[in-house]
Structure formats: structure tokens, C-alpha cells
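Given next are the chains, with one letter for each unit.
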Amino acid sequence: MAKNSKILSVEKKALGRVKESEKQSWWSIAFIWIGILICIPSLMIGGSLAEGLSIGQVVLTTVIAYSLIGALMTLTGIIGGDLGLPSAMCAAKAFGDSGSSYIISVISFISSIGWFGVQTATCAAAFSTMMEIFNIDFPQWAGCILWGAIMLATSVTGYTFMKVLNYVAVPFLVITCIYGAVRGINIMGMSDLMAYTPSESMTMTSGVSICIGGMAASVVISSDYSRYSKSRADTLKASFFGVLPAGVIMVSIGGIMGVTTGESDITQMFVNIGFPVISMLILVLATWTTNTGNAYVAGMACMKIGNFREELRPRVTLIAGAIGIVMALTGLANSLTAFLNILSAIMPPVAGVMIADYYIFGKAKPENWYRVKGVNWIGILSWGVGAVAGLFFSFFSSGFDSILAATIAYIILNALLGKTSLAGQGRLPLPGEEEEGNS
């Protein structure tokens, strides 16, 4: 009974340190990343890559891309694991506490809750379409409320229920997607599949860039989950085993099904091979496992913006998610897609600043990290340099390039300005430590 109550317990941990007794197994963290990666966009990326690359090139491209993502997520994830803090708090030194709250967290909140609204609307539309198969008229607005509420409930409950959801959903999604790929291969034939030559040409570099772009923002929020890691080795295992296999499998399956069905839309792929019901289940579950993370991250960002008390995390997440559902109902989320894409593009350089600050200036030692009062303008300027580089001067991948540019900018600006940028700003205690100091 006690074990069941623990599974169903609502997470209250938000901005304070995760205690050693609250740490989780690395595979539970990996399963959350797998659930985030097993999504419709991953399959659609595969379908898009297959329009310009052979199947062998698609597989190699994804191995390269997700290996880079796994490495970057390990670097930022270790920060959260060492400190036991979420991403919004980990940024409180590199950007200053106010800079982290009013610039970085605001961008993260708007981006995350916006994408929650977009995916809720997409799920509702697909669900309504699929219900027509059974001659059931299910309006899209009702789907937004139904699935938005279900996905939000998982986020409000927190890490433990998200872990359980992925334990259940991930195996089903993997098995059904693999089955769909096998079915498509049987229709086309393995020899024809391997001999497939795309009608248009795409460089593998472009393919890697597309894959990295889809996960670059996850490098920033890695600490939201890795704060529960027991060690740096666990963070490494969770990042690579959670990202690399899932990314390669899902994108490759999307590529195979795209070639065998002639579609890049996963819903239509399954319809074309005669499995519309499976298509509906995959879309709903894949959106659920991914979108619950959007609301969870938005709640964390909102907690940092308002510096709310720990026990308010469920309520804050609930309110944030309700905003996302309203955006889905009104169509505002879809109309802001271009704006959300820009926000997603300027998120990755946050990771570059955090990496430079923690590993180069903090020498990767937790004791050298502290919560800086006010704004660290060197961090803000470095992030701006990375954002501009990613948006306008990308050479390899906008996400990767922006992280690298922000890292270099932070090193150079610190070398020029020294420690004067933080002089006199003072240190702030972490949430929970104020009470300890007063007791």
C-alpha cells in the first residue's frame, strides 16, 4: 500500500535541492527521455530525411546527430545532478538569479506552454478524425479539453507518474512502430528498400542539422530530470541510452515508412498500410509522453519566474497547463507556431553559457557554484551572441552552432571583463535554505 501511495504521490519538489534519498535510477530518467523522443515529429523527421537520403544514410545521420545531443545533454545534465537543481535554478549563476527568472525562464515558459498548446490541438484534431472511423462525431474542442486535461494531470502529478507513464507507453509505442516498419518493408520488399534512391538530394550535414534542431532545446532542460540522478555516470547513461537508441530507431522507422508508403505524415502512413486505429493510439500516446514534458518544464519555468514556494508546484503547473489548453481551444497556439520556432531556436545557447560557467570557470566543482543576486550581464550578452549566430550565421547546425558560439562568447567576455561583472552582487540562498538559516 505504501508503495502504491508513493507512485501516486504528487511531486512538490521544484526549485530546492533534491535530497539523496529522493534520487532515482538512471533508467527511470532514460525512459522519460525515450518517451519524449518517441513522438510524431521524430517519425516525420525520418520521413523528411528519406526524401533526400538513402535508408543507410538516414541511419548514419541519426547516429551522428543523437550522439552529439547525448553528449551535450550529459554536460548540462551533470550540472543538475551535481547540484540537485532544475535547469532554471542551475542558470542562476551564469545569468544571475534575476536574469534567469525574467529572461531565460520567461522564454522557456512561453516556448514550452506554446508547444503544449500546439500538440494538444494536433492530438485533438487527429483524435476527432480517427473517431469518424467509428461514426462518432467528436468535436475538436472537446478533444482539446479531454486530452489537454489528461496530459496536464500527468505533469501536475510530477516525476513519479511521468516515469510510470513512460514505463507503460514506451514498449507499446516501440513495438507498434517497429511492426509498422516491418509491414511496410513486406509491402515494398527489403531489396527494393535498400536499393531506394531519393528523387531529391540532401547532404548528411543537413540531415544532422535537422535532427539536432528537433532536440537542441532539450539540452537546456536536461537538468529538470537529471537532478534526480545518483551520480555523473548515471546522468551519462540516462542521456545516451535515453536519447541515442530511441532517436535512431524512431527516425529510421519514420524513414522506412516514408519510403514504403510514400508519406511523411505518420498518421497517413499507418492508414495507408491498413491500421488507422493503431495510428490513433500511436498519435495519442506519443503526444502524451512528449507533451506532458512540455507542461512540466513550463511549470518549472513559471516557478522560477515567481519564485513560488515549493509546495505550490502542482498548482502553478496546473495554471500553466490551463493556459496551454486555452491556447489550443482558441487556435492561438497554431497561429504562433512561427514565433514558437524562433523561441525554440534561441533556447540552445543558454546551455552554452551554463556549460562554460560550470566547467571552465567553476572547474566542474559543485562547491564553486552559487546563486548570484541580480543579473550576470556577461551571461546575457553571451546568450545573445549565441542566439544571433544560430539564427543568422549557422554553418553546421543552428542548435549546435548557437551553443558553441555562446560558450566561446562567455569565455572571451569573462577574459575581458574578469570577475567585475559579479562583484558586489552577493549570493542568494536556495529555496528551503532560507528557513534552515533562520531556524
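Given the structure is predicted, the values throughout are model-derived calculations rather than measurements.

What counts, and at which threshold
Numbers given for residues are sequential positions, taken from 1 along each chain in its written order. Since the coordinates come from a predicted model, pLDDT governs what is reported: local features require at least 70, and pairs of side-chain atoms require 80 or more to be given and counted, while whole-chain, interface and lining totals use all residues. Heavy atoms from the whole structure form the basis of all side-chain values; hydrogens and water molecules are not counted. Only residues whose relative accessible area exceeds 30% and that take part in no salt bridge are eligible for patches, with like-charged residues grouped when within 9 Å of each other and nonpolar side chains (Val, Leu, Ile, Met, Phe, Trp, Tyr) grouped when within 5 Å. Accessible areas in this description were obtained via Shrake-Rupley with a 1.4 Å probe; residue shielding takes into account the shown protein chains only. The term salt bridge refers to a pairing of a side-chain nitrogen on Lys or Arg with a carboxyl oxygen on Asp or Glu at a separation within 4 Å. Going along the chain from the N terminus, every DSSP run of H or I of four or more residues is numbered as a helix, and every run of E of two or more is numbered as a strand. Exposed residues in this analysis have more than 50% of their type's maximum accessible area, buried residues have under 20%, and partly exposed residues fall in between, with area computed by a 1.4 Å probe over protein chains only. In this scheme Phe, Tyr and Trp rings, the latter by its six-membered ring, pair at centre separations within 6.5 Å, and the angle between planes marks the pair as stacked below 30 degrees, edge-to-face above 60, and tilted otherwise. Nine residue types can take part in a nonpolar core, namely buried Ala, Val, Leu, Ile, Met, Phe, Trp, Tyr and Cys, and a core is a set of them joined through side-chain atoms within 4.5 Å. Disulfide assignment relies on a single distance test, namely cysteine sulfur atoms paired within 2.5 Å. Two residues qualify as a contact provided that any one of their heavy atoms is within 4.5 Å of a heavy atom in the partner residue. Within 3.5 Å is the distance limit for a polar contact, defined as a pair of N or O atoms, with the added protein rule that one can donate a hydrogen and the other accept it, and that residues adjacent in sequence qualify only through two side-chain atoms. pLDDT is a residue-level measure of predictor confidence that goes from 0 to 100.

Caption draft 1: Just a nonpolar patch on the surface, in detail. Judged by side-chain polarity, Ile342, Val388, Leu391, Phe392, Phe393 and Phe395 come together as a nonpolar surface patch covering roughly 700 Å² of accessible area. With three residues, helix α19 (residues 377–392) is the single largest residue contributor to the nonpolar patch. Structurally, the position occupied by Ile342 is in helix α17 (residues 337–346). The class for Ile342 is partly exposed, based on a relative accessible area of 45%.

Caption draft 2: Layout of the packing of aromatic side chains. Taken as a whole and judged by the stated rule, the model has ten aromatic pairs. A ring pair is formed by Phe31 and Tyr167, whose centres lie 5.0 Å apart and whose planes are at 75°; its orientation type is edge-to-face. Here the residue Phe31 occupies a position in helix α2 (residues 26–37), and Tyr167 occupies one in helix α8 (residues 159–188), the gap between them amounting to 136 residues. The exposure class of Phe31 is partly exposed, given its relative accessible area of 23%. Here the aromatic residues Trp26, Trp27 and Phe241 are joined through ring pairs into a cluster of three or more.

Caption draft 3: Representation of unusual backbone geometry in the model. A positive phi angle, near 45°, is found at Asn307, a position not held by glycine. Counting through the fold element by element, Asn307 comes out in the loop between α14 (276–306) and α15 (313–330). Here Ala364, not a glycine, exhibits a phi torsion of approximately 60°, which is positive. In this fold, Ala364 is placed in the loop between α18 (349–361) and β1 (371–372). Take Ala364: its relative accessible area is 17%, and that puts it in the buried class.

Caption draft 4: Quick look at the nonpolar core. Within the largest apolar cluster, 122 residues are counted, with the highest numbers of intra-cluster contacts made by Trp33, Phe95, Tyr225, Val243 and Trp383. No other element matches the 15 residues that α14 contributes to this core.

Caption draft 5: Spatial organisation of the state of the cysteines. Tallied over the entire structure, the rule returns zero disulfides. Lacking any disulfide linkage, Cys144 is separated from the closest cysteine sulfur, that of Cys123, by 8.9 Å. Judged by its relative accessible area of 2%, Cys144 is buried.

Caption draft 6: Broad picture of the environment of Pro349. One can find Pro349 in helix α18. Along the primary structure Pro349 and Gly384 are separated by 35 residues, whereas in three dimensions their C-alpha atoms are 8.0 Å apart. What Pro349 contacts, discounting residues up to four positions off in sequence, is Trp383, Gly386, Ala387, Ser402, Ile403 and Ala406.

Caption draft 7: Fine view of the side chain of Ser87. Secondary-structure assignment places Ser87 in helix α5 (residues 87–94). Overall, Ser87 belongs to the buried group, its relative accessible area being 7%. A polar atom in the side chain of Ser87 sits 3.5 Å from the backbone oxygen of Ile221. Filtering out sequence-adjacent residues up to four positions away, Ser87 remains in contact with Val220, Ile221, Ser222, Ser223, Asp224 and Met354.

Caption draft 8: Representation of the pattern of salt bridges within the structure. Tallying each qualifying case throughout the model produces six salt bridges. Of the charged contacts in the structure, one is a salt bridge between Asp97 and Arg371, with a shortest N-O distance of 2.7 Å. Note that Asp97 is positioned in helix α6 (residues 97–131) and Arg371 in strand β1, a separation of 274 residues in sequence. For Asp97, a relative accessible area of 6% gives the class buried. When the shortest N-O distance is used, the salt bridge between Glu311 and Arg309 registers 2.6 Å. Assessed through its relative accessible area of 52%, Arg309 is described here as exposed. Residues joined by salt bridges that share partners form a network here, namely Asp97, Lys304 and Arg371.

Caption draft 9: Fine view of the confidence of the model for the protein. Summary statistics for the protein give a mean pLDDT of 84 and a share of 90% for residues scoring 70 or more. Per-element averaging of pLDDT across the protein places helix α1 (residues 2–8) at the bottom with 47 and α18 at the top with 95. A low-confidence stretch, residues 1–7 stays under pLDDT 50, and its non-local contacts, those more than four residues away or across chains, total four contacts. Low pLDDT (under 50) marks residues 435–439, which in the prediction has zero contacts with non-local residues, meaning those over four places away or in another chain.

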